[in-house]
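Survey of secondary and tertiary structure
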Amino acid sequence: MAANANGSTRTTGPRCVALVGPFQSGKTTLLEAILARTGVIQRQGTIEAGNTVGDASKEARHHRMSVELSVATANFMGDTYTFLDCPGSVEFVHDMRAVLPAIDVAVIVCEMDEKKIPQLQLILRELEDRKIPRVLFLNKIDKVDSGVHDVLELLQGASRTKLILRQIPTFSGELITGFVDLALERAFVYKEHAASEVVTLEGDVADREKTARFSMLETLADHDDELMEQLLEDIQPPRDKVFDDLTRELRDGLVCPVLMGTAARTNGVLRLLKALRHESPGIAETAKRLGVKTGGDAVAYVLKTQNTTHGGKMSIARMLAGQAGDGTTLLSGDDEAGRIAGVFKLVGQSTEKRGPAALGETVAFAKLDKAKTGDTLSAGKHPHPPLAKVEAYPPVLAIAISAKERKDDVKLGQALNKLVEEDPSVTIVHNPETHEVVLWGQGEMHLRVTTERLSDRYGVAIERRQPSVGYRETIRKGIVQRGRHKKQSGGHGQYGDVVLDIRPMPRGSGFAFEEKITGGVVPRNYIPSVEEGVIDALKHGPLGFPVVDLAVALIDGSYHTVDSSDMAFRTAGRIGIVEGLPQCQPVLLEPIHLVEIVCPNEATAKINALMSGRRGQILGFDTREGWDGWDVVRAKMPEAEIGDLIVEIRSATAGAGTFTFKFDHMAELTGRTADQIVAARRAAE
């Protein structure tokens, strides 16, 4: 701790700050402005020019959006700050969620855009649930065309914590030219790419400042009886008292201060940095929140895993206790994560070798082969208990992929393992029935970026297509069918003869086999082979799909003492099914899933229409428990219609809606749709 100009104490030592907020709110631009202001870079880059420190990967440059975490360390007034620029798109939100446990404070970057409020609410809910102290930076303030109190009222709808104005804008005509700091009681005029200039606080601005400051103090007084008494008695509280309250209530998560500026011009950036320096918590508070003792053996939390082209595997980690350097062996759970082969400072894509990582620092450790994102690493004899568990959201979109050239199959498998290591929100499913490798992700762009990485980073050219739908077929009537296999060619022949009673069963029953042989017409030792032949034939029915919900009974048959064999009876069983099923009125079955969509309630009507347009049966909707302004829509929907459902849900909900689904039942499908599916299957075969 150190004393500051206001007479109170402030946290010292390395800080870790996450920049979070809705898609395209200006987080990467703010990082660039911070790095320019702190002298890390000579000139501020732009997204348009493709020369920013963050978003430096080929995929981020190509799509002009953050698609992964960017990390940069800077020094401001003697303290070290590591800034984590987190993607704002809901499709890449896992990178943000994974870092939250170990950060000191989050800066929520947002703008005055009503459409982005649901996205802002999602992010704030994550921070609130994890009890992360937070500051809101209202970016692009030069484009705000309504009063700041209207803006605050709009933003407050997304936050369960009280938002508290730290600044109000000043104007020249209708243009915002600067701000007043309500805690300092000073007015500033913005200068482009330079520090703001202090000006006299007078006239209309002084009147507005008094009103806004009193409102700020009233909010702080909700948690401070002494301050409440001072306000009631019309006593001006000492400035250091105000700063102490701001600091304490920010750290305790009781308020979320709101600052403002325009990152593209570095307006408001210095004031934001000073607020972080004086008011945000540090490693001591963060370690206490996580239950880590800062003395003793090294403890670190893995924020992100990266596989680099030249440096191999890098584990970006925050030191929560002790220190760790080259050669330190770290444990992860009950396993050994590995031995550190180098400690690196990060600034975007560039790394710089450095000495051991000390308490509070955020660094990259090289070659910790078994460390994963979200792991708790420790250097003691016994592993440290896990500090946090961040499960990826359930995936919502899938593609089937294969290597364009068979020789790349092994390479593809290795590349996919590395991608999942870097991004746990990607899921790989091997479908044994269709022999497809199915890649599940958080949306269209997420999967596009993932497949681009396969090509760009790992040199694997792939083909992508829609995954197969789990169609089945069944029968509507029963039949008794003989299956005979008789073949004679020099020496022993082949002879198997069975009579099968094939009959339908209720939906969801699966398959049942029984034998009703009397008089030993089929020897007992051949009966399992008959069942194997039947099961084999049911894998591919007359419509081209696996057959379910039927019972097969072996009721008669005959055998030859010399020519009969297991193989012959297996073949006879298969023949009986293949010849019998087409006469049993086969019908196509399609999987129906129970779908739950969460969406802002202004989009509920659109979602209901969307469900109906996709052959969905709407079961109803309710308010989402604990979420003001959100609904949950429930429906039953064919699997075939779920394929790209997320694309339309995101379109209808300004990127905020999502859904989960689980299998419910199989339903008969007839008519033109069924005919098209069967025809497509036959064409594919």
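Throughout what follows, the structure given in this document is the object of discussion.

The rules behind the values
- The residue numbering used here restarts from 1 in each chain and proceeds along that chain's sequence as written.
- In keeping with the predicted nature of the model, local features appear solely for residues at pLDDT of at least 70, side-chain atom pairs appear and are counted solely at 80 or more, and the whole-chain, interface and lining totals rest on all residues.
- Excluded from the side-chain calculations are hydrogens and water; all other atoms, namely the structure's heavy atoms, are used.
- Numbering of helices and strands starts at the N terminus; helices are DSSP runs of H or I of at least 4 residues and strands are runs of E of at least 2.
- Whenever a nitrogen or oxygen atom comes within 3.5 Å of another N or O atom, the pair is scored as a polar contact, on the condition that within protein one atom can donate a hydrogen and the other can accept it, and that pairs from neighbouring residues in sequence are kept only if both atoms are in side chains.
- Any two residues having at least one pair of non-hydrogen atoms within 4.5 Å are treated as being in contact.
- If DSSP finds at least two bridges between two strands, the strands pair.
- Every angle, taken between N-to-C directions, lies between 0 and 180 degrees, and every axis is a line fitted to C-alpha atoms, over only the stretch in contact when it is a helix.
- Buried residues are those whose accessible area, probed at 1.4 Å on protein chains only, stays under 20% of the maximum for their type, while exposed residues exceed 50% and partly exposed ones sit between those limits.
- Take a side-chain nitrogen of Lys or Arg and a carboxyl oxygen of Asp or Glu: if they are within 4 Å of each other, that pair is a salt bridge.

Topologically, Arg97 is positioned in helix 3 (residues 94-99). Of note is the side chain of Arg97, whose polar atom sits 2.7 Å from the side chain of Glu126. In this structure, Arg97 is in contact with Glu126, Val390, Glu391, Ala392 and Tyr393, ignoring residues within four places of it in sequence.

Reading across from one edge, 9-10-11-12 is the order of the four strands in this open sheet, with antiparallel pairing throughout. Edge positions in the sheet fall to strand 9 (167-172) and strand 12 (194-199), since each has one partner strand and no second. Mean inter-strand twist for the sheet, computed between neighbouring axes without regard to direction, equals 35°. Relative to strand 11 (residues 186-191), strand 10 (residues 175-181) runs antiparallel, the two sharing four bridges. Each bridged residue has a counterpart across the sheet, and for Asp181 the counterpart in strand 11 is Arg186.

Looking now at the side chain of Thr451. Along the chain, the position of Thr451 falls in helix 12 (residues 444-456). You can call Thr451 buried: its relative accessible area is 10%. In terms of polar contacts, Thr451 uses its side chain to reach the side chain of Arg464, at 3.4 Å. Those residues in contact with Thr451 that lie beyond four places of it in its chain are Ile399, Leu439, Ile462 and Arg464.

Summarising the element assignment, Trp630 is placed in strand 33 (residues 630-638). On a C-alpha basis, the gap between Trp630 and Ala603 in space is 9.1 Å, while along the polypeptide they are 27 residues apart. Leaving out residues up to four positions away in the same chain, Trp630 has contacts with Pro118, Gln121, Leu122, Val598, Cys599, Pro600, Asn601, Thr623, Arg624 and Ala656.

Per the counting criterion, the structure on display carries 56 salt bridges. A salt bridge links Glu226 to Lys241, with the nearest nitrogen and oxygen atoms 3.6 Å apart. Of the two residues, Glu226 sits in helix 7 (residues 225-232) while Lys241 sits in helix 8 (residues 239-251), which places them 15 residues apart along the sequence. Residue Glu226 is classed as partly exposed on the basis of its relative accessible area, which comes to 47%. Judged by relative accessible area, which is 16%, Lys241 ranks as buried. We note a salt bridge from Glu596 to Arg634, for which the minimum N-O separation is 2.9 Å. With Glu596 in strand 31 (residues 586-600) and Arg634 in strand 33, the pair connects residues that are 38 residues apart, well separated along the chain. For Glu596, a relative accessible area of 32% gives the class partly exposed. Here Arg634 falls in the partly exposed class, since its relative accessible area comes to 29%. Several salt bridges share partner residues, and in doing so they unite Asp224, Glu226, Lys241, Asp245, Arg248 and Glu249 into one network.

Read these as spatial facts, not as claims about activity.
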